[in-house]
Amino acid sequence: MNGDCLQVTVLGSTGSIGDSTLDVIARNPGRYRVFALGCGSRWQELLAQCRAHLPRYAVVADPAAASRLRAALRAENLAVDVLDGTTGLEAVAAHPDVDVVMAAIVGAAGLMPTIAAARAGKRVLLANKEALVMAGRFFMDAVAAGGATLLPIDSEHNAIFQCLPGGYRAGDRSPLVQRLLLTASGGPFRALAPAALAGVTPEQAVAHPNWVMGRKISVDSATMMNKGLELIEACWLFGMPAERIEVLIHPQSVVHSLVEFVDGSVLAQLGNPDMRVPIACGLAWPERIPSGATSLDLARAAALAFEPPDFERFPCLGLALQAARTGGSAPVVLNAANEIAVQEFLDGRLGFTRIAAVIGGVLDRLGSVEPESLDEVKAIDAEARASASCLIDAERRG
Ligand code: NAD
Ligand code: MG
């Protein structure tokens, strides 16, 4: 802490969530200071962010790209220290001068830096759901051991967090809560004829009707694996069994999720679909700060509709629900196989409807064990990736 100014590390700063985080920070000058920025490889974008925010550190996971950034910063006389690799990301997540860490790296790559922030007792703003899905128990243990404050940024989980009565403690189930209702837009293919799904392109899949997001999560929304991952995320964050979490299709994305209490009361959080709202909530909690989001106009929104999800159209949802119930390493395998299949789809090498088939195949092949350590989680993740690639190669050879 520097005076009243909170020092913030943004992991995944060049992505959609990272960009929105920097926007909220810029709207609240004097309250936050950017301590470090981190990304995968897009060093030119990081350079532009360094010019705007003058952080103490910039980290690029890819060492070659980090060297380029270092040279460019030196040429401009900007005093920013450049680090690289997972160790660099971990260092700026756990640095003693940091108060808040936005965990917004996409996929399993975000796991170890986010765990480092948790172990160091930071306020961890969790966007990177894959980290929690693959390593739930170890992640929550790190939060407890480090005395970290874990705040959900995923809009649904942030909504649930806001609806819970005071004193949310990460992972603790409130005895007052009967059920969680996770809303889902249904993505771009909610109403497409099922026969047309096999032929959809990556461009169609990433064109989400309500949210602008990174490519991986956009495909996850189109398959509804995103909601499956979120269901597992909710189990860990709120200490709820999968049986007490219901998925509800709500195409307008205005009601971000709901909590039903034992007396039958149901609380919901509403707002325009804009990730700056949960980001601002996480940054300032329990206070409130402007986020830049426009005001919700319910009269213009007209109808808010709700319907049950179609498990036949979206088999990934059923696979995730099954993995949540099985527990152990099943969510690790589910997440890893999904990351591989989605990348292959985005690269034009796998059909849309084959994504679920590959994930199902890898889950069948690897079964589930109870991982005893984070190293074991990483080994299972690697095995599931290899198995998914192998299945896809075999399919392509026909
Ligand atoms: P994105 O693709 O726009 O950005 C991803 C970021 O991760 C980039 O900064 C990229 O450089 C970084 N990255 C990728 N690989 C890396 C690596 N190996 N090492 C270090 N950094 C790496 O993704 P996004 O939409 O911003 O999503 C980020 C995370 O937030 C995801 O886990 C996603 O599920 C979650 N999330 C996003 C939204 C949203 O609206 N975008 C909503 C809820 C949750
Ligand atoms: Mg979400």
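To be clear, the structure that these remarks concern was listed above.
Fair warning: this is a prediction, and the values are worked out from it, not measured in the lab. (Residues numbered from 1 in each chain as written. Chains lettered and ligands numbered in written order. Predicted model: local features only at pLDDT ≥ 70, side-chain atom pairs only at ≥ 80, totals over all residues. Heavy atoms only, no water.)

### With respect to the coordination of the magnesium ion (ligand 2)
Link 1 in the chain: Note on the magnesium ion (ligand 2): its protein donors are Asp-154 (OD), Glu-156 (OE) and Glu-230 (OE). The metal-donor distances range over 2.1 to 2.2 Å.
Link 2 in the chain: Read in sequence order, the donor residues for the magnesium ion (ligand 2) give the motif D-x1-E-x73-E. Residue Asp-154 is located in the loop between β7 (149–152) and α7 (155–163), and its partner Glu-230 is located in helix α10 (residues 225–238); the two are separated by 76 residues in the primary sequence. (Donors = N, O, S within 2.8 Å, 3.2 Å for Na, K, Ca; no water. Helix = DSSP H or I, 4+ residues; strand = E, 2+ residues; numbered from the N terminus.)

### Quick notes on a nonpolar patch on the surface
Link 1 in the chain: Together, Leu-270, Leu-296 and Leu-298 give the surface a local cluster of nonpolar side chains, amounting to about 220 Å² of exposed area.
Link 2 in the chain: Locating Leu-296 in the fold gives a position in the loop between α11 (276–284) and α12 (298–301). (Patch = residues over 30% accessible without salt bridge, like charges linked within 9 Å, V, L, I, M, F, W, Y side chains within 5 Å. Areas by Shrake-Rupley, 256 points an atom, 1.4 Å probe, with all protein chains shown as cover. Salt bridge = Lys/Arg side-chain N within 4 Å of Asp/Glu carboxyl O.)

### Quick look at the packing of helix α1 (residues 16–27) against α11
Link 1 in the chain: Direction vectors running N to C along α1 and α11 enclose 60°, while the axes themselves pass 9 Å from each other. The angle between α1 and α11 places the two elements in the oblique class. Here the hand of the crossing between α1 and α11 comes out right-handed. Across the interface between the two elements, Ile-17, Ser-20, Thr-21, Asp-23, Val-24, Ile-25 and Arg-27 from α1 touch Arg-276, Ile-279, Ala-280 and Leu-283 from α11.
Link 2 in the chain: When its residues are assigned to classes, the contact of α1 with α11 shows six nonpolar, two polar and three charged. (Axes fitted to C-alpha atoms, helices over the stretch in contact; angles between N-to-C directions. Parallel < 35°, antiparallel > 145°, perpendicular 65-115°, else oblique. Left-handed = near helix turned anticlockwise from the far one by under 90°. Contact = heavy atoms within 4.5 Å. Nonpolar A, V, L, I, M, F, W, Y, C, P; charged D, E, K, R; others polar.)

### Here we look at the site of ligand 1
Link 1 in the chain: The immediate surroundings of ligand 1 are formed by 23 residues, with Thr-14, Ser-16, Gly-40, Glu-130 and Gly-214 found nearest.
Link 2 in the chain: A distance of 3.2 Å separates an oxygen atom of ligand 1 from a polar atom in the backbone of Gly-12.
Link 3 in the chain: Looking at the shell around ligand 1, the elements that each hand over two or more residues are α1 and α6 (129–146).
Link 4 in the chain: Within the shell around ligand 1, the residues separate by chemical class into 12 nonpolar, eight polar and three charged. (Near = heavy atom within 4 Å. Polar contact = N/O pair within 3.5 Å; in protein donor to acceptor, adjacent residues only side chain to side chain.)

### So, the pattern of salt bridges
Link 1 in the chain: A full pass over the atoms with the stated rule returns 27 salt bridges.
Link 2 in the chain: Arg-169 is the partner of Asp-172 in a salt bridge, and the nearest nitrogen-oxygen pair spans 3.2 Å.
Link 3 in the chain: We classify Asp-172 as partly exposed; its relative accessible area is 41%.
Link 4 in the chain: Residue Glu-246 is joined to Arg-179 by a salt bridge in which the shortest nitrogen-to-oxygen separation is 2.6 Å. Here Glu-246 is found in strand β9 (residues 245–249), whereas its partner Arg-179 is found in strand β8 (residues 177–184), with 67 residues between them in sequence. (Buried < 20%, exposed > 50% of the residue type's maximum accessible area, 1.4 Å probe, protein only.)

### Some details on empty space enclosed by the protein
Link 1 in the chain: Evaluation of the coordinates by the stated rule reveals one cavity of 30 Å³ or more.
Link 2 in the chain: Estimated volume of the largest cavity: approximately 40 Å³.
Link 3 in the chain: What lines the largest cavity is Ser-155, Asn-158, Trp-211, His-256, Gln-269, Asn-272, Asp-274, Val-277 and Pro-278.
Link 4 in the chain: Its residues assigned to classes, the lining of the largest cavity shows three nonpolar, five polar and one charged. (1 Å grid on protein atoms, 1.4 Å probe; cavity = no way out; pocket = protein on both sides within 12 Å on 5 of 7 lines; lining within 4 Å. Points joined across faces, edges and corners; volume = space filled by probe spheres on them.)

### Topic: the pairing of strand β1 (residues 6–11)
Link 1 in the chain: In terms of burial, β1 is largely enclosed, as six of its six residues are buried.
Link 2 in the chain: Both β1 and strand β2 (residues 32–39) contribute to a ladder of six bridges, which runs parallel. Across the sheet, residue Thr-9 finds its bridge partner in β2, namely Ala-36.
Link 3 in the chain: Relative to strand β5 (residues 100–103), β1 is paired through four bridges, and the arrangement is parallel. When the sheet's bridge partners are listed, Val-10 is paired in β5 with Met-102. (Pairing = 2+ DSSP bridges.)

### Notes on the layout of surface pockets
Link 1 in the chain: What the second largest pocket holds in volume is close to 330 Å³.
Link 2 in the chain: Together, 20 residues line the second largest pocket, and Ala-148, Leu-150, Tyr-168, Arg-169 and Ala-170 are the ones closest to its centre.
Link 3 in the chain: Within the residue set of the lining of the second largest pocket, elements represented by two or more residues are α6, β7 and α7.

### Structural notes on the packing of aromatic side chains
Link 1 in the chain: Tallied over the full model, the rule gives six aromatic pairs.
Link 2 in the chain: A centroid spacing of 5.2 Å and a plane angle of 85° characterise the contact between Phe-189 and Phe-352, whose relative ring orientation is edge-to-face. Highlighted residues: Phe-189 in the loop between β8 and α8 (202–206) and Phe-352 in the loop between α14 (330–346) and α15 (354–366), separated in sequence by 163 residues. Comparing Phe-189 with Phe-352 shows no difference in burial state: the two are buried.
Link 3 in the chain: Here the aromatic cluster, defined as three or more aromatic residues joined through ring pairs, consists of Phe-161, Tyr-168, Phe-238 and Trp-285. (Phe/Tyr/Trp six-rings, centres within 6.5 Å; stacked < 30°, edge-to-face > 60°.)

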